[in-house]
Amino acid sequence: MALETVALIPARGGSKRLPGKNLKQLGGKSLIAHTADAVTQSELQAPVLLSTDDPAIAEEGRQVGMMVPFLRPDELSGDAAPTVDVVIHALDWYHAEHGVDPDTVMVLQP
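Read on for a plain summary of the structure. Each residue is numbered by its place in its chain's sequence as written, counting from 1. Local features in this predicted model are restricted to residues of pLDDT 70 or higher, and side-chain atom pairs are both shown and tallied only at a pLDDT of 80 or more, whereas totals for entire chains, interfaces and linings draw on every residue. Water and hydrogen atoms were dropped before computing side-chain values, which therefore reflect all heavy atoms in the structure.

## Topic: the pattern of salt bridges
Going by this rule: We define a salt bridge as a side-chain nitrogen of Lys or Arg found within 4 Å of a carboxyl oxygen belonging to Asp or Glu. Elements are defined by DSSP. Helices are runs of H or I of four residues or more, strands are runs of E of two residues or more, and each kind is numbered from the N terminus. Partly exposed describes any residue whose relative accessible area lies between the buried limit of under 20% and the exposed limit of over 50%, with all areas from a 1.4 Å probe on protein chains only and scaled to the type maximum.
Counting across every chain of the model gives three salt bridges. The partner of D79 in a salt bridge is R12, and the shortest N-O contact between them spans 2.4 Å. Taken as a pair, D79 in the loop between α2 (55-63) and α3 (83-98) and R12 in the loop between β1 (3-10) and β2 (25-26) lie far apart in primary sequence, 67 residues in all. According to the relative accessible area criterion, D79 is exposed, its value standing at 54%. With a relative accessible area of 22%, R12 lands in the partly exposed category. Measuring nitrogen to oxygen at the nearest pair gives 3.7 Å for the salt bridge that ties R62 to E59. One end of the pair, R62, and the other, E59, are both in helix α2, three residues apart, so they sit about a helical turn from each other.

Laid out in structure tokens, this is it:
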């Protein structure tokens, strides 16, 4: 049995140009909260996974209803880490925990 879709939000904490950008307030909400709102408004019926290396971003994700089951490992947290590797890491976790693979992965950048 496969899920139709899993939404994945990759949000690392190490931005060089704008440190802390995923938690910065824009219109009174963090970028993480804006992303959660976009998912809610879309009426997407899918698990929403947040992949991050930053405990503060993880906590913000939990507060806005995202699944944050792990902190991303160091090798997937640097400037050069490809997004596809982050996606594969999250999907491997999802399969190990739930025993299913999605047909589609939607990557939402904050």
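## Here we look at the packing of aromatic side chains
Short version of the rule: Pairing of aromatic rings covers Phe, Tyr and Trp, the last through its six-membered ring, and needs centres within 6.5 Å; plane angles under 30 degrees mean stacked, over 60 mean edge-to-face, and all others mean tilted.
Enumeration over the complete set of coordinates arrives at two aromatic pairs. Relative to Y94, the ring of W93 has its centre 5.9 Å away and its plane inclined at 65°; by these criteria the two rings are edge-to-face. For Y94, a relative accessible area of 6% translates into the label buried. Three or more aromatic residues joined by ring pairs form one cluster here, namely F70, W93 and Y94.

## Topic: the side chain of N22
Put simply, the rule is: Contact criterion: two residues are considered in contact whenever any of their non-hydrogen atoms come within 4.5 Å of each other.
With respect to the helices and strands, N22 occurs in the loop between β1 and β2. The class of N22 is buried, set by a relative accessible area of 5%. Residues within four places of N22 in sequence aside, it is in contact with A11, R12, S30, L31, I32, I57 and P110.

## Let's talk about the nonpolar core
Here is the rule: We call a set of buried residues a nonpolar core when its members are Ala, Val, Leu, Ile, Met, Phe, Trp, Tyr or Cys and they connect through side-chain atoms within 4.5 Å of each other.
If you look at the biggest cluster of nonpolar residues, it comprises 12 residues: A7, I9, A11, I32, A36, V39, V48, L50, I57, A58, M66 and V68. If you list the elements that add at least two residues to this core, you get β1, α1 (31-42), β4 (48-51) and α2. Sort the elements by how many residues they give to this core and α1 lands first, with three residues. Each residue touching V48, except ones within four places of it in the same chain, is listed here: A7, I9, V39, M66 and M67. Listed in part, the nine residues of the second largest apolar core include F70, W93, Y94 and V100.

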